[in-house]
Amino acid sequence: CYPNVQKETIRDETGQKIKGPLIIKCDTGPGCLCNDMAHVKFCQDLFEKGVHNLLGLPKGTKATQEMDQGFAQFKPATDKSTVRIAAMKMATRVEARKKMNGSSSIEQK
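Everything numeric here is computed off the predicted structure, so don't read it as measured data.

## Looking at the overall build of the protein chain
From N to C terminus, the protein chain includes four helices and four strands. Going through the 109 residues of the protein chain one by one, you find that 10% of them count as buried. Relative to all contacts within the protein chain whose residues are 6 or more apart in sequence, the contacts with residues 24 or more apart total 53%. A total accessible area of about 9,200 Å² is found for the protein chain, and carbon and sulfur atoms account for 61% of it.

## Describing the pattern of salt bridges
Applying the stated rule across the entire model yields two salt bridges. The partner of Glu48 in a salt bridge is Lys7, with the nearest N and O atoms 3.7 Å apart. One end of the pair, Glu48, is in helix α2 (residues 37-49); the other, Lys7, is in the segment before β1 (10-11), and 41 residues separate them in sequence. Lys41 is the partner of Asp45 in a salt bridge, and the nearest nitrogen-oxygen pair spans 2.9 Å. With Asp45 and Lys41 both in helix α2 and four residues apart, the pair spans about one turn of that helix. For Lys41, a relative accessible area of 46% puts it in the partly exposed group.

## As for α2
An ideal rise of 1.5 Å per residue puts 18 Å on 13 residues; α2 measures up with 18 Å between its terminal C-alpha atoms. Looking one or two residues beyond α2, the residue adopting positive phi is Gly50, at roughly 105°.

## A closer look at the environment of Cys43
One can find Cys43 in helix α2. Exposure remark for Cys43: the relative accessible area of 22% places this residue in the partly exposed category. With ten residues separating them along the chain, Cys43 and Asn53 place their C-alpha atoms 7.5 Å apart.

## Remarks on the environment of Ile24
Following the sequence through the fold, Ile24 ends up in strand β3 (residues 22-26). The exposure class assigned to Ile24 is partly exposed, which follows from its relative accessible area of 31%. Between the C-alpha atoms of Ile24 and Leu54, which are 30 residues apart in sequence, the distance is 6.0 Å. Not counting the four nearest positions on each side in its chain, Ile24 is found in contact with Val51, His52, Asn53 and Leu54.

The rules we used
- Residues numbered from 1 in each chain as written.
- Predicted model: local features only at pLDDT ≥ 70, side-chain atom pairs only at ≥ 80, totals over all residues.
- Heavy atoms only, no water.
- Helix = DSSP H or I, 4+ residues; strand = E, 2+ residues; numbered from the N terminus.
- Buried < 20%, exposed > 50% of the residue type's maximum accessible area, 1.4 Å probe, protein only.
- Contact = heavy atoms within 4.5 Å.
- Areas by Shrake-Rupley, 256 points an atom, 1.4 Å probe, with all protein chains shown as cover.
- Salt bridge = Lys/Arg side-chain N within 4 Å of Asp/Glu carboxyl O.
- Expected span 1.5 Å × (residues − 1).

So this is what it looks like as structure tokens:
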């Protein structure tokens, strides 16, 4: 494994980190690393050596994954807002079509 990697952090008398865990962020979701037992065993072996594997979201980028996690609490409110705005736009279009259909029938007479 990488030099100076172990499960628990060891610091010198000044507080400088000498040894400790290694955190790796993978651009893959949990489904890819759990497809077979060889992958699961590999992840377990790394964990035992002090390597922590952080899994990303499928089809996410390193920037949007953190943003998705950070804004997760706001998602329900934005979903409601999206539905409300879409309903208002649809109502406006329905009214416009009604006016257009109403005026065209008058013009035809």
